[in-house]
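# Architecture at a glance
Each chain, written out:
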Amino acid sequence: MISYLRRLSMLACAATLGLGLAAPADAVPLIGVEASGAAFLGLTVGGNNTQVPSGSPTLMLEASGAALGLVDLSGRYMSAFTTGANLMEVVLRKEFSMLPMLSVKPGVGYQGQNVFTTALDHAPMAKLQVVFSPLLSPIWFEGEANVSYPLTYGRPVSGTMLGGYMALLPMMNVGVRYVGYRDLNAPATPNDFGGLQIGLRAAI
């Protein structure tokens, strides 16, 4: 009986010690690494861009990753099915979280596209992403604004995105959003385009 009680006592002590050591680790992401990937199908609903005309379907793929608070990188690829026009963006970001529910990520990067010109055009760009995640809610919101300067096109271009997401599973979200690009110094007929998108995002 004493041996049995001694074993129970030792097991209880080991469990208490294990929980005490494990508790601080629960608040820290696994080795400080975050990653996500997303795929969205869209339909252009406005604008005069001949490369991405109104009514044309699009595919947009996105990926992002962050490690140890030192590197935060995001990428985007869009293709218009009817014309084969493409847009690519790679942005290096820095996260600021002033509130537990709010994340702000300014960044700089590169944009390559043939949606404003028929040949591939290169551009430096600046982007700002804002994410609002209400506590204990399965719904969260995301917004983006960017400005680029395609070197061949010779005029500044802005991009915007606004969307909402709902968690289907702990690491899977379904989202609906609007994505648009606008010629900021357009002549009489601008090359603007924009559309609605629906898709899935997975994150770890």
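All figures in this text were calculated on a predicted structure; none of them were measured in a lab.

It is worth spelling out the overall build of the protein chain at this point. Within the protein chain, the regular secondary structure consists of one helix and 11 strands. Secondary structure of the protein chain in N-to-C order comes out as α-β-β-β-β-β-β-β-β-β-β-β. Counting every position in the protein chain, which comprises 204 residues, the buried fraction comes to 35%. Counted over contacts in the protein chain with a minimum sequence separation of 6, partners at least 24 positions apart contribute 48%. Element-wise, carbon and sulfur atoms account for 73% of the exposed surface of the protein chain, whose accessible area totals about 11700 Å².

Okay, the nonpolar core next. By size, the foremost hydrophobic cluster in this structure holds 19 residues, and its most contacted members are Val52, Met78, Val115, Phe116, Tyr181 and Phe193. Looking at this core, the elements with two or more residues in it are strand E1 (33-47), strand E3 (71-80), strand E9 (157-169) and strand E10 (172-183). A per-element tally of this core places E9 first, with three residues. The contacts of valine 115, once residues within four sequence positions are left out, are Asn49, Gln51, Val52, Met78, Ala85, Asn86, Leu87 and Phe193.

Turning our eyes to something else, we now look at the packing of aromatic side chains. Within a pair of aromatic rings, the relevant descriptors are the distance that separates the centres and the angle that separates the planes. Counting across every chain of the model gives five aromatic pairs. A ring pair is formed by phenylalanine 40 and tyrosine 165, whose centres lie 6.5 Å apart and whose planes are at 75°; its orientation type is edge-to-face. Of this pair, phenylalanine 40 sits in strand E1 while tyrosine 165 sits in strand E9, and the two are 125 residues apart along the sequence. For the residue pair phenylalanine 40 and tyrosine 165, the accessibility class agrees, reading buried in each case. Taking the centre distance of 4.3 Å and the plane angle of 15° together, the rings of tryptophan 140 and tyrosine 165 count as stacked. Note that tryptophan 140 is positioned in strand E8 (residues 139-148) and tyrosine 165 in strand E9, a separation of 25 residues in sequence. In this structure, tryptophan 140 and tyrosine 165 share a single accessibility class: buried. Linked through ring pairs, Phe116, Tyr153, Tyr181 and Phe193 together constitute an aromatic cluster.

Glancing now at the layout of surface pockets. Approximately 980 Å³ is the volume found for the largest pocket. Lining the largest pocket are 48 residues, with Glu34, Lys105, Val131, Trp140 and Ala203 positioned closest to its centre. Top element by residues in the lining of the largest pocket is strand E2 (residues 57-67). It accounts for five residues. Taken together, the residues of the lining of the largest pocket sort by class into 25 nonpolar, 11 polar and 12 charged.

To continue, consider the environment of leucine 102. Residue position: leucine 102 is located in strand E6 (residues 102-113). Residue leucine 102 is classed as partly exposed on the basis of its relative accessible area of 23%. Sequence spacing of leucine 102 and glutamate 142 is 40 residues, and the spatial spacing of their C-alpha atoms is 10.0 Å. Among all residues touching leucine 102, those that are not within four sequence positions of it are Phe96, Ser97, Val130, Val131 and Phe132.

Overall, the coordinates contain one cavity of 30 Å³ or more when judged by the stated rule. Considering only enclosed or pocket space, the largest cavity measures out at about 90 Å³ in volume. Forming the walls of the largest cavity are 14 residues, and the residues nearest its centre are Thr58, Val179, Gly194, Gly195 and Gln197. Only E1, E2, E10 and strand E11 (193-203) provide two or more residues apiece to the lining of the largest cavity. Here the element with the most residues in the lining of the largest cavity is E11; it accounts for five residues. Looking at the lining of the largest cavity residue by residue, the classes come out as eight nonpolar, six polar and no charged.

What counts, and at which threshold
- In this convention, every chain numbers its residues from 1, walking through the sequence in written order.
- Two thresholds apply to this predicted model, a pLDDT of at least 70 for residue-level local features and 80 or more for giving and counting side-chain atom pairs, whereas whole-chain, interface and lining totals are computed over all residues.
- For the side-chain quantities, the full set of heavy atoms in the structure was used; hydrogens and water were omitted.
- Here a helix means four or more residues in a row that DSSP labels H or I, a strand means two or more in a row labelled E, and each is numbered from the N terminus.
- Throughout, exposure labels follow a simple rule: accessible area from a 1.4 Å probe, protein chains only, divided by the maximum for the residue type, with under 20% read as buried, over 50% as exposed, and the rest as partly exposed.
- Should any heavy atoms of two residues lie within 4.5 Å, those residues are counted as being in contact.
- Per-residue and other accessible areas follow the Shrake-Rupley method at a 1.4 Å probe size, with only the shown protein chains counted as cover for residues.
- For the purposes of this section, nonpolar cores are sets of buried Ala, Val, Leu, Ile, Met, Phe, Trp, Tyr and Cys residues that join through side-chain atoms within 4.5 Å.
- The rule is short: rings of Phe, Tyr and Trp, with Trp giving its six-membered ring, pair when the centres are within 6.5 Å, and they are stacked under 30 degrees, edge-to-face over 60, tilted in between.
- Put simply, the grid is 1 Å and covers the protein atoms alone, a cavity is a trapped set of points that fit a 1.4 Å probe, a pocket is an open set with protein on both sides within 12 Å along at least five of seven lines, and lining residues have an atom within 4 Å of a point.
- Grid points are joined across faces, edges and corners, and a volume is the space filled by probe spheres set on the points.
- The residue classification treats Ala, Val, Leu, Ile, Met, Phe, Trp, Tyr, Cys and Pro as nonpolar and Asp, Glu, Lys and Arg as charged. All others, Gly included, are polar.

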